[in-house]
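A look at the structure
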Amino acid sequence: MAKASASLEHMYRVFTKPEGKDSKLAQIEEHLSDNLSDFLSRHVVTKAKSLEEVEQHFSAHKVPESPEFVSQHAEALLDKLVAHSVNTYSPTFIGHMTSALPYFHLPLAKLLVGLNQNLVKIETSKAFTPLERQVIGMMHDLVYNDSAAFYQQHLHSAKHSLGAFCSGGTIANITALWVARNKLLKPSPGFRGVAQQGLAAALNHYGYNKLGILSSKRGHYSLAKAVDVLGIGREQMLMLDCPSQRLSPEKALALGQAFEQQGNKLMALVGIAGTTETGHVDPLDELADVAKELNCHFHVDAAWGGATLFSQQHKHKLKGIEKADSVTLDAHKQMYVPMGAGIVVFKNPEDSNAVRHHAQYILRAGSKDLGATTLEGSRNGMAMMVYASFHIFGRQGYELLIDQSIDKAKRFATLIESHQDFELVTPPTLSILTYRIKPRHLSHPDIRENELLDELVVSVQKQQREAGKSFVSRTRLSVEKYQQQPITVFRVVLANPLTTEQDLINILNEQHDLAKQTASWKVLHQLSENESAE
Ligand SMILES: *Cc1c(COP(=O)(O)O)cnc(C)c1O
């Protein structure tokens, strides 16, 4: 086989724009794209290779010494990487929030990389900066629905920002809480603010013992990361038990007050609109009142559920979100944009100034550079994908998608409930639900039986994943019915519009078949036979 040489001539060729449709690169592109579409039409897992076997492909620790032709490398990628990837496009991949994307994103992705704009400053992005500001404005309107005059004034204002575009919900949550911290510990006479003087000086100046953030136990782990990086400390991430899966406003108020009675200050209350595990929505309207009572920042994490606002039928479930000081939304979840599209919006356009940063060579004062108020520096033009999706789907298109996902989740819940060997654990508020296997003879499982049921669910989930035809995830939950004991459940996220009811029936049947061959199923049956013999 011919070998690429480490000559500058060869390096220049790699950078050169290929000529014509028949160029070598065009052929490689077509080959990759054929292979991709073949991959995406297969099962969830195509080749059953263990993780350890796949690791063997990636065990060299030195950067390769000499160059390789692009065509050769493309083959290696197909063989080592693509063939062992997870087909998140599969309609039977219903275990996670990452799902199929509309195909128009593939050519758009080429445009994005082709242009390689950097949104950190206008000198490297020009048209992309106004576009991103507009996308943030549209998200702001989706949540807050302010007046036309408001958007006219703030959308492109150099002094304001209606939010921040970032890589995902994690950075959006951190940004929101960063703003909340800097607002709370703002400059005042004799104090130049936490951003300048640091947390120890700020606590000392304001006379607070500690700062805290409050959410339910269903809060996403990005909140724990946020209190860590913001210097608040993970022990001050106060998470309330929520057997009903929703944060109780009364308990939140009581805990907030108890925390403050110890000389501490509650910095923010976080309501969740669509928890990652069960899709529940906290009572946002009441929580907004609690935040007011406690005089703290109210943040809503709508990374998953935010897209519900597109639906006239379902948006009432997020009532009160418009009272939040800040809201996180992930376009790469139910808005069907490729990963890397999170947004935080601020009710008050002044808020992002709490984290504004200037540098001489870049981000000069008075510029419209978005990098001045984002945590991240260099950022790509992902906002274009959101912009395109907003236009290609329209609000009405998104509404149809959201409504059908929720309908499908309800139909799946009915299928589960009408099956004698399954138990619906949390019914869907949005398009997420949890359930487990519970053989029909067990009407009220005791602690020992619940442990066996946990084993059964774990075993079936693993076997199903390994079989590779479908994928359902699992988690552990405390629920009202079994308060004394957390239970292991299957978790289903119905995000892919192409998942059919027949797919769901097949998945249940597969689980049922697997369960019957599992040791704990047999033990459970023996236990009950012994009981009835007694
Ligand atoms: C997914 C999710 C996040 C984290 O978002 P990333 O985009 O994965 O960083 C945060 N909160 C909730 C509720 C989520 O569902």
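One numbering rule holds for all chains: residues counted from 1, following each sequence as written. Where local features are concerned, this predicted model is filtered to residues with pLDDT of at least 70; where side-chain atom pairs are given and counted, the filter is 80 or more; whole-chain, interface and lining totals use all residues. Computation of side-chain values covers all heavy atoms of the structure but excludes hydrogens and water.

If you check an unreviewed UniProt entry, the protein appears there as Pyridoxal-dependent aspartate 1-decarboxylase from Aliiglaciecola litoralis. As its UniProt record puts it under Cofactor (unreviewed entry), the protein is described as follows: "pyridoxal 5'-phosphate". The record in UniProt for the protein states the following under Sequence similarities (unreviewed entry): "Belongs to the group II decarboxylase family." UniProt positions are given in the numbering used here, feature names are shortened, and annotations may be inferred rather than shown by experiment.

**Considerations on the packing of helix H2 (residues 24-40) against helix H4 (residues 70-80)**
Where H2 contacts H4, the two axes come as close as 10 Å, and the packing angle between them is 5 degrees. The angle between the axes of H2 and H4 places the two elements in the roughly parallel class. Packed against H2, whose contacting residues are Lys24, Leu25, Ile28, His31, Leu32 and Asn35, the element H4 presents Val70, Ser71, Ala74, Glu75 and Leu78 at the interface. In this count, Pro and Cys sit with the nonpolar residues alongside Ala, Val, Leu, Ile, Met, Phe, Trp and Tyr, while Asp, Glu, Lys and Arg are called charged and the others, Gly among them, polar. Per-class residue counts for the contact of H2 with H4 are six nonpolar, three polar and two charged. What counts as an axis is a line fitted to C-alpha atoms, over the stretch in contact for a helix, and the angles between N-to-C directions run from 0 to 180 degrees. Elements are defined by DSSP. Helices are runs of H or I of four residues or more, strands are runs of E of two residues or more, and each kind is numbered from the N terminus. In these notes the angle categories are as follows: under 35 degrees is roughly parallel, over 145 is roughly antiparallel, 65 to 115 is roughly perpendicular, and the rest is oblique. It only takes one pair of heavy atoms within 4.5 Å for two residues to be counted as in contact.

**Description of the pattern of salt bridges**
A pairing counts as a salt bridge when a side-chain nitrogen of Lys or Arg comes within 4 Å of a carboxyl oxygen of Asp or Glu. For the coordinates displayed, the defined rule picks out 20 salt bridges. Where Arg448 meets Glu451, a salt bridge forms, and the shortest distance between an N and an O atom there is 3.7 Å. A residue pair is termed a helical-turn pair when its members lie 3 or 4 positions apart in one helix, as Arg448 and Glu451 do in helix H14 (residues 447-467) at three residues. If you follow the salt bridges from partner to partner, you end up with Asp285, Lys319 and Lys323 in one network.

**Side note on the side chain of Asn496**
Among the secondary structure elements, Asn496 is positioned in the loop between strand E11 (487-493) and helix H15 (501-516). Distance and chemistry together define a polar contact, namely a pair of N or O atoms within 3.5 Å, with one atom able to donate a hydrogen and the other to accept it when in protein, and with adjacent residues in sequence counting only for side-chain atoms on both sides. In this structure the side chain of Asn496 is engaged in a polar contact, spanning 3.1 Å, whose partner is the backbone oxygen of Tyr89. Here the side chain of Asn496 touches Leu498 through a polar contact of 2.8 Å, landing on its backbone nitrogen. When residues no more than four places from it in sequence are discounted, the contact partners of Asn496 are Tyr89, Ser90, Pro91, Ser99, Ala100 and Lys408.

**With respect to the pairing of strand E5 (residues 297-302)**
Exposed residues in this analysis have more than 50% of their type's maximum accessible area, buried residues have under 20%, and partly exposed residues fall in between, with area computed by a 1.4 Å probe over protein chains only. In terms of residue burial, E5 counts as a mostly covered element, since six of its six residues are buried. Strand pairing follows a simple DSSP-based rule, namely that at least 2 bridges must link the two strands. Note that strand E4 (residues 265-272) and E5 share five bridges and pair parallel. Residue pairing across strands places Gly271 opposite Val300, the latter belonging to E5. As paired elements, E5 and strand E6 (residues 326-330) share four bridges and run parallel to each other. Residue Asp301 lies in a different strand from E6, and its bridge partner there is Thr328.

**A few points about the sheet that holds strand E8 (residues 422-426)**
Overall, antiparallel pairing links the four strands, which are arranged E8-E9-E11-E10 in an open sheet. Whereas interior strands pair on both sides, the edge strands pair on one side only; in this sheet they are E8 and strand E10 (473-477). The mean angle between the axes of side-by-side strands here comes to 40 degrees, regardless of whether they run parallel or antiparallel. Relative to E11, strand E9 (residues 432-437) runs antiparallel, the two being bridged by four bridges. The residue bridging Leu433 from the neighbouring strand is Val492, located in E11. Strands in contact with helix H13 (residues 383-417) are E8, E9 and E11; relative to E9, the strand with the most contacts, it is inclined by about 15 degrees. In the packing of H15 onto the sheet, the strands contacted are E8, E9 and E11, and the crossing angle to E9 comes to about 25 degrees.

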